[in-house]
Amino acid sequence: MGACIHLSMSSTKIGILTGRYRAVGEGDDSSTIIDLFGRSSEGKSVVVSVSGLCPTFEFSSVHIDSIDEITPEHQQLIDAVNVLEHVEEVTGPVMKWTHFGQRPVWTVRTTQPFHVPSLRKKLESMNFTLYSADIPFVNRLFLDLDLAMHVEIQAEPILEHEFRVDVAYEIGIEQITTCEPFPVPFTICSFDLETSIENNSILCGAAWIESNDGSRRTHKVFVGQETEILASMTSYIHEHDPDIITGYNIDNFDLPRIKERMMRHSKKGEWQRQSEFFGWGRCAQTEQEASRNRDGLIPQRLSNRSWTVCGRIFMDAWWQARQALRPKRETLSFVAQLLFPEQEGKHKMDIDASNMDEEWANRREEVMEYCVRDAELPLDILNEIQAVRRTEAVASVARVVMDTATNGSTSQLIDSLVIRLADKKMVAVPRTGSAEPKEGQITGGYVHDVDAGLYPWVAVLDFKSMYPSIMIGKNICYTTRIEPSEPSPPPHHKAPTGAMFMTSEEKKGLVPFLLEGLMEKRDEHKRALGIAKQQDDAAAVGFHDAMQYAVKILMNSFYGVFASGFYRFTHRDLGSSITAWARQNIKGVITSLEQEGLSVVYSDTDSIFVQVPELQGVAYFSSNDAESVDLNLHTSTMFEFGTQLAQRFSKDSAVLEFEKGLSVFFSHGAKKRYLGQVIWPNEEMLVRGYETQRTDSFQFLIDSMNTLFQFVLKDQRDELVAFAIEQVHALKRNQVDVAQLVLSKSCKGKVLKTPVTSLRDVDFAAEYANPDSMAQVRVARQMIERGLGFTSGMKVSFIVEDGSKSPVTVKPWWDEEESLSYDGTYYAERLATALGRITEAFGWTAKDLMQGSRQSSLFSF
DNA sequence: CCGCGAGCCTAC
DNA sequence: TGAGGTAGGCTCGCGG
C-alpha cells in the first residue's frame, strides 16, 4: 500500500455521560454551544462542543386551521410573534397532528434557551397553543440528530480549550452521529468520609479509583486539616478524572457534608476558595462556572433531585443496591455481607460510628482503615450488580445520556423515544401537564379468588407481555384515539369501556410502532444471547443480556407512564382501555376453561393457574421409598396439556404461553399469596407474597416459614404442625438469638437540612399523620440523636422490647449490638400468626400453635 | 374485642 | 417547581 493521505478527519467513538449548554457572543450575535462530556473508546476523557443548534419551540393558533386559508388577519397574528424581543425567526407553517386535528404549526427560533420561558409566557398570553416548548436544550440536540448515548464524531482535537479533559473537539451538528453501542471504558471514583459527631468536621476521607484500562484499583487517604482534606480530594478528582463518582449514600450524606464544610471555610462570593475545596467539575475555574446552579464547577443539587456537576455523574451505591437487590436492611455492612458473605473481614464493623470522636482520638489508624474499606466497597457493589453496564444498556436503548439513565425518571426515557418519533411523523408535542387530569383511579388488573388448600398438578399460563401486546394489538395511542362524539368514526377497535382507537391500517399509533420495534429488538438480543452462550463469549453474553433486559424494562414502563395523570402524551382513556381489554381477555379465558370443566385455581392480571385433569389423583411429591413419582412422565403430560391449552386460547396479539408447571400449588385462601413446587422448566420452590418475601419481616420467621413450606409441599401434615409449634415455643422461651429478630421498615421524613445532625433537621409530621405512633419514626429519632444521620425512605432496623405496650417499645438495632433483650411473647405471636395462616389449612390455628395443643378439635368434625 | 384508617410492602 | 399504574394482604394504633 502506498502512503495514505487523510482526506477526511479522524473518527472517534464516545460514550456520552452528560451535557450542558452555554452562551457565546453578545446580544443579537450570541449563540448557544452544547458541551457533551464523555469517555472515548480509547479511554480518553472528552468534551465535544457542538455549535449550530438554536433553541426553538412551536405554536399554533385556534383561529388558523388550514395552510391554504391564511388571511391577512391570520398573518398579523403570526407577525406579532415575529417582532417580539429575542425572537430570531418564525418559520412555517407545516401541518402537524394535534389533538384538535391537523393544524398549521409555526416554529419560533430564539437566541438562548433561557429566553424560552418568558417567550412561552408571552405567546400563551396571546392565546397561542405551544408545542415542544419544554424540551431541555441538550435533549433537543439528541432528538433532532437522532443521537443515542454512543456517538461517533468526525473531527480533529483542538489544542486550546478551557476544559479539564484529555481531549476536546469543536464540531458542527453534521459531524456527530450515533454509532453501535460499545462498552465505554469508564473511570469510577468511590469515596467515603469520617466525620465528627460533635462538630460535623471531616476527620478523614478515602477514595478509590477504578479505571477500565486493566490497571489495578488504587486508593488514597486524606488526613490533616479539614481544608487540606477538601483541597487534596479535589486535586485527586482532577488528577484521576473519573467519569462516575460513587460512594454509599453520598447523595444524602457525603456530598451535602462537603458542601457544608466548604461553606464553613469560605465566605459568600469566595468562589476561588470554594473551587479549591469542592470544584470537581470538568470545566474552567472561573467565577461564572463556580456560580452555575447545575452542571457547573461545584456540585449542586436543585431541591431534592440528584446532584449535578459539569462533565461527571454521581451514582449512589446505596440507591443502586436498594433497587437491584431489595435488601432486608440497607446499611453498607449489611449489603456487603449479603453480596460477599465469604469476605467476612471486609465488612466486620469494628468502629463504633456513633462514637466517632472518641474512636478518632484513640484509634486513628483503625478509623482510617475502616474509612478506606468503606470507600472501596461501593466499587465492589456496583460491579457485582453490574450497575454501570445495565445503566449503559438502558441509556443506549432509550437513547439518552448516561446521566438520564442513572438519575432520571421513567417518563424521561419514554419521552426520548416518543418525541423523536412524533417529530418524524409530524405529530405536535404537547407540554407536560397539558392533558386533562385523570378523574380518580382507573380500574386495574383482575385477580381471581382463591380457596385455601393444596392443589396437585397445576399448569401456569400467562399472556406474553400483556399490556404492551394490547397496546400494539388495539393500536392504543394518544394519536389514534377517536373522540366519543365523532359521528362517523373510521374503522376502529372499541374497548370494553367504549373508547375507540383507529385500526393500524387507518393510522398506526406512535406507541404501538415503538413497542413493536422494541419487541423485535428484544428478540434479536435474546437470539444473540443464545449464540454467545453457545460460543462461551462472556463479553457478548453480558452485553446482550444487559440489552435485552433494558428493552424489557423500557417496554414495561410504557403502560405506567401512559396511564399516569400528567404525562404529555396521555389521555385518561388510554390506561383504562388497556386494563379493560386485559380484564376482558383473562376473564374470557377463565370462563371458557371452566365451561370445559377445567379447574382454574387462581389468576392474577395476566396469569392463569389450571389443574391438569389427567394427573388428578396421581401422587405429587417424591419420597424416598419405592413408590416414587414418575416425574418425567408427569412433566411431559403437564407440558402437553399446558402448551396445547396455551395455543388453543391464544388469539391475535393476546398470546398465551405455558410458563410453568407445578406439581403442587398451595394457598391459604388469600390473593397474591401462594407457593408451589415448580417442576418445569426447572425445579424450584415458588413463593409469592408471604412473609418470606417481605423485607419488613424478621429472619427467624422467614427461615421458619421456608422450612414449613417444604413440609407443606410434601403434604407432611404432622411434621409441619410439630415444627411450627416448636418454633413458636422457642420464641416464647426467649431461646432465639436476637440477631434473628431484627425488624426493618422504611422511614420517611421531610429533611429540612442535610446532612441530618439533629432532630430539628427532620419534620416527621410532614409525612405521617401521627408520627410518634410509628415504630420506625421512634427508632429514627433515636438514631439521629446518636449522630447516625437520617435519609428519608431508608430502612431503619429495630428490636421490639415490649410488645404488650401500645405503642410497642422499640430499640434501634445496629450491627455491633449483641445482647439486646426482646419480648419473646410478641415475636412468638407474630410467628404464630404468620405460620398459623398456613397451618390452619391443616386444622391448626395460630392460637393452637401458641398453646401447643389443639383447642378447636372439639369442632373439627 | 372489633372495625377502621394509616402505612408498608408486595404481585402484576 | 415532581411525577409510571392498580390490586391486595397485613400490622399497628386508636376509639368505641
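Residues numbered from 1 in each chain as written. Chains lettered and ligands numbered in written order. Predicted model: local features only at pLDDT ≥ 70, side-chain atom pairs only at ≥ 80, totals over all residues. Heavy atoms only, no water.

**Comments concerning the overall build of chain A**
- When helices and strands are counted, chain A shows 25 helices and 31 strands.
- Computed over C-alpha atoms, the radius of gyration of chain A comes to 31 Å, within 12% of the 29 Å expected from 2.2 N^0.38 for 861 residues, which places it in the range of a compact globule.
- The buried share of chain A, reckoned over its 861 residues, is 52%.
- Across chain A, the fraction of contacts at a sequence separation of at least 24, relative to all contacts at a separation of at least 6, is 66%.
- When the accessible surface of chain A is summed, it comes to about 39300 Å², and 47% of that surface belongs to carbon and sulfur atoms.
- A distance of 3 Å separates the average location of the 89 positive side-chain charges in chain A from that of its 118 negative side-chain charges. (Helix = DSSP H or I, 4+ residues; strand = E, 2+ residues; numbered from the N terminus. Rg over C-alpha atoms; globule rule 2.2 N^0.38 Å. Buried < 20%, exposed > 50% of the residue type's maximum accessible area, 1.4 Å probe, protein only. Contact = heavy atoms within 4.5 Å. Areas by Shrake-Rupley, 256 points an atom, 1.4 Å probe, with all protein chains shown as cover. Lys, Arg positive; Asp, Glu negative; His and termini not counted. Charge placed at Lys NZ, Arg CZ, Asp CG, Glu CD.)

**Description of the protein's contact with DNA strand C**
- Surveying the vicinity of DNA strand C reveals 31 residues, the closest of which are Gly444, Phe566, Lys671, Val808 and Tyr826.
- Protein-adjacent atoms of DNA strand C, using a 4 Å cutoff, are sugar or phosphate at a proportion of 82%.
- His668 has a polar side-chain atom sitting 3.0 Å from a phosphate oxygen of DNA strand C.
- At 2.8 Å from a phosphate oxygen of DNA strand C is found a side-chain nitrogen or oxygen belonging to Lys671.
- Secondary structure elements with two or more residues in the surface near DNA strand C: helix H15 (410–424), helix H18 (538–563) and helix H24 (824–839).
- Counting residues per element, the surface near DNA strand C draws most heavily on H24, at 4 residues.
- Residues that form the surface near DNA strand C fall into these classes: 8 nonpolar, 16 polar and 7 charged. (Near = heavy atom within 4 Å. Polar contact = N/O pair within 3.5 Å; in protein donor to acceptor, adjacent residues only side chain to side chain. Nonpolar A, V, L, I, M, F, W, Y, C, P; charged D, E, K, R; others polar.)

**Side note on the packing of helix H13 (residues 387–398) against H15**
- Contact pair H13 / H15: the axes reach a minimum separation of 9 Å and the direction vectors enclose 30°. Looking at the two axes, H13 sits roughly parallel to H15. Every residue of H15 that contacts H13 at Val394, Val397 and Ala398 is listed here: Leu413, Ser416 and Leu417. (Axes fitted to C-alpha atoms, helices over the stretch in contact; angles between N-to-C directions. Parallel < 35°, antiparallel > 145°, perpendicular 65-115°, else oblique.)

**Let's talk about unusual backbone geometry**
- Backbone torsion omega between Gly92 and Pro93 reads 5°, so that peptide bond is classified as cis.
- By the element assignment, Pro93 lies in strand S5 (residues 87–98).
- The linkage connecting Trp680 with the following residue, Pro681, adopts the cis geometry, with an omega of 10°.
- With respect to the element layout, Pro681 can be found in the loop between strand S25 (674–680) and strand S26 (684–688).
- In the Ramachandran plot, Arg399 falls in the positive-phi region, its phi being about 55° despite a non-glycine side chain.
- The topology assignment puts Arg399 in the loop between H13 and helix H14 (402–407).

**Describing the protein's contact with DNA strand B**
- Looking at DNA strand B, there are 21 residues lining it, with Arg326, Asp606, Tyr674, Ser746 and Tyr768 nearest.
- Near the protein, meaning within 4 Å, the atoms of DNA strand B are sugar or phosphate in a fraction of 90%, with bases accounting for the rest.
- Here a phosphate oxygen of DNA strand B and a backbone polar atom of Gly689 are 2.9 Å apart.
- Across the surface near DNA strand B, the residue classes tally to 4 nonpolar, 6 polar and 11 charged.

**Side note on the environment of Gly803**
- In this fold, Gly803 is placed in the loop between strand S30 (795–802) and strand S31 (809–812).
- On the accessibility criterion, Gly803 (24% relative accessible area) is partly exposed.
- Separated by 291 residues in sequence, Gly803 and Pro512 place their C-alpha atoms 54 Å apart.
- Setting aside chain neighbours within four positions, we find Gly803 in contact with Val808, Asp823 and Tyr826.

**Looking at the sheet that holds strand S7 (residues 128–131)**
- The strand order across the open sheet formed by 4 strands is S5-S6-S4-S7, and the pairing between neighbours is antiparallel. Edge positions in the sheet fall to S5 and S7, since each of these pairs with one other strand and no more. The average angle at which neighbouring strand axes cross in this sheet is 30°, direction not considered.
- Sheet strands in contact with helix H1 (residues 72–82) are strand S4 (56–61), S5, strand S6 (101–110) and S7, and its direction is about 135° off that of S5. (Pairing = 2+ DSSP bridges.)

**Digging into helix H19 (residues 572–595)**
- The first and last C-alpha atoms of H19 sit 35 Å apart over 24 residues, in line with the 34 Å expected at 1.5 Å per residue.
- One or two positions beyond H19, positive phi appears at Gly597, with a value near 85°. (Expected span 1.5 Å × (residues − 1).)

**A few points about the side chain of Arg301**
- Mapped onto the secondary structure, Arg301 falls in strand S15 (residues 300–301).
- Within the buried set, Arg301 has no salt-bridge partner at all; the shortest N-O distance to an opposite charge, 5.6 Å, is to Asp251.
- There is a polar contact of 3.3 Å between the side chain of Arg301 and the backbone oxygen of Asp251.
- If sequence neighbours within four positions are ignored, Arg301 has contacts with Asp251, Asn252, Pro256, Ser306, Trp307 and Thr754. (Salt bridge = Lys/Arg side-chain N within 4 Å of Asp/Glu carboxyl O.)

**Structural notes on the packing of aromatic side chains**
- Under the counting rule described, the total for this entry stands at 33 aromatic pairs.
- Their ring planes at 55° and their centres at 5.3 Å tell us that Phe609 and Phe665 sit as a pair that is tilted. Here the residue Phe609 occupies a position in strand S23 (residues 607–611), and Phe665 occupies one in strand S24 (residues 656–667), the gap between them amounting to 56 residues.
- The class of Phe609 is buried, set by a relative accessible area of 2%. (Phe/Tyr/Trp six-rings, centres within 6.5 Å; stacked < 30°, edge-to-face > 60°.)

**A word on the state of the cysteines**
- The full count for this structure, using the stated rule, is 0 disulfides.
- Not part of a disulfide, Cys310 finds its nearest cysteine sulfur in Cys283, a span of 4.0 Å.
- Residue classification places Cys310 among the buried residues on the basis of a relative accessible area of 0%. (Disulfide = S-S within 2.5 Å.)

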